[in-house]
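Chains, contacts and geometry: an overview
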Amino acid sequence: MPKKISIITVCYNNREGLEKTFKSVLGQSYRDFDFLVIDGNSQDGSKEVMEQYRDKIDFALSEKDTGVFNAMNKGIKAATGDFVLFMNSGDIFADEHVLANVVDDLTNEFDIYYGNNYKVKSNGSKRLKTYPPALTFSFFYTTCINHQSTFIRRQLFHDYFMYNEQWKIVSDWEFFVYTICAKNVPYKYLNKTIAEYDFNGMSSDPKNQALIRKERLEVIHTHFPAFEKDYQEVARLNAKRTRQLFHIENFPIAWKIMKAVLTVFIFVLPKKK
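Notes on the structure follow.

Criteria and thresholds
- Residues numbered from 1 in each chain as written.
- Predicted model: local features only at pLDDT ≥ 70, side-chain atom pairs only at ≥ 80, totals over all residues.
- Heavy atoms only, no water.
- Helix = DSSP H or I, 4+ residues; strand = E, 2+ residues; numbered from the N terminus.
- Expected span 1.5 Å × (residues − 1).
- Buried < 20%, exposed > 50% of the residue type's maximum accessible area, 1.4 Å probe, protein only.
- Phe/Tyr/Trp six-rings, centres within 6.5 Å; stacked < 30°, edge-to-face > 60°.
- Patch = residues over 30% accessible without salt bridge, like charges linked within 9 Å, V, L, I, M, F, W, Y side chains within 5 Å.
- Areas by Shrake-Rupley, 256 points an atom, 1.4 Å probe, with all protein chains shown as cover.
- Salt bridge = Lys/Arg side-chain N within 4 Å of Asp/Glu carboxyl O.
- Pairing = 2+ DSSP bridges.
- Right-handed = clockwise from strand over helix to strand, strands pointing away.

A few words on helix H11 (residues 252-268). Helix length check: H11 (17 residues) gives 25 Å between terminal C-alpha atoms against 24 Å at 1.5 Å per residue, within 8%. When you tally the buried positions in H11, you get 0 out of 17 residues, a small fraction of the element.

Spelled out as structure tokens, the structure:
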């Protein structure tokens, strides 16, 4: 009989993070889960850590891959649980009772269960990230739920698609926005803190923001072409300077001055067609 949860950990040259994840996963008070570890042929000692815990891993693989989503797809294909949770190297559970506290919530009624998480920076500081109970299309315009705190019914990947390996960063975002907004799969917010995740990855690096915007726009073009111009407009509204204008609006005197300055500029500029 398949187990209800499969925990998938992918790793590449992150020995310290992998060991931290192992200790967290294997330290859960609820232990009736499958544990799969997919390594990209690391050369930093990660494979030796895997061997150290080999008797506690249900599926282990170390071979060259084409990227993080290729590794995650390998984990999905090998998983047997009703739900999968991705707890990648460096990610940990919020405490040792997380699985015990959520396993009874994972029923046949919903296909995606998502909870809260802590974003942990390199200096050790962390911030709690919470989510709305309703996931709208506008929510996904600028953000996403995190796979470290989301239990996904494994069958969804077979009913729709695996993670798109052509993307470097946004494949999980594509999966969520497509299944939830296009296919209306049932989901539920677990108002519980699931994980602490390493906020130093590719998606968090400011240098990758242009690539994220490019990949997301291509996803919108593929799945939601009617909303492509809207998405570009929202991106403009979410730009730093626009957000600064909205911030100034909170201060009446400063906002009056700003409006006066804008009025002058608008007066001297050509009329908008």
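Next up on the list: the packing of aromatic side chains. Counted under the stated rule, the structure contains 20 aromatic pairs. Their ring planes at 55 degrees and their centres at 5.7 Å tell us that Phe69 and Tyr163 sit as a pair that is tilted. Here the residue Phe69 occupies a position in helix H3 (residues 68-78), and Tyr163 occupies one in the loop between helix H6 (155-159) and helix H7 (171-182), the gap between them amounting to 94 residues. Exposure remark for Phe69: the relative accessible area of 6% places this residue in the buried category. We classify Tyr163 as buried; its relative accessible area is 2%. Between the aromatic rings of Phe161 and Phe175, the centroid separation amounts to 6.0 Å while the plane-to-plane angle is 85 degrees, which identifies the pairing as edge-to-face. Linking Phe161 in the loop between H6 and H7 with Phe175 in helix H7, this pair joins segments that are 14 residues apart in sequence. The class of Phe175 is buried, set by a relative accessible area of 0%.

Before going further, it helps to examine a nonpolar patch on the surface. A cluster of nonpolar side chains, Ile253, Ile257, Val261, Val264, Phe265, Phe267, Val268 and Leu269, forms an exposed patch at the surface whose accessible area comes to about 880 Å². Classification of Val268 as exposed rests on a relative accessible area of 59%.

Most of strand S1 (residues 5-11) sits inside the fold, with 7 of its 7 residues counted as buried. Every second residue of S1 is oriented toward a common face, with Ile5, Ile7, Thr9 and Cys11 on one face and Ser6, Ile8 and Val10 on the other, all of them buried. With 4 bridges connecting them, S1 and strand S4 (residues 83-86) associate as parallel partners. Paired with Ile5 across the two strands is Phe83, which belongs to S4. Sheet analysis places S1 next to strand S2 (residues 34-39), joined by 6 bridges and oriented parallel. Looking at S2, one finds that Val10 is bridged to Ile38. Following the chain from S1 across helix H1 (residues 15-26) to the adjacent parallel S2, one finds a crossover that is right-handed.

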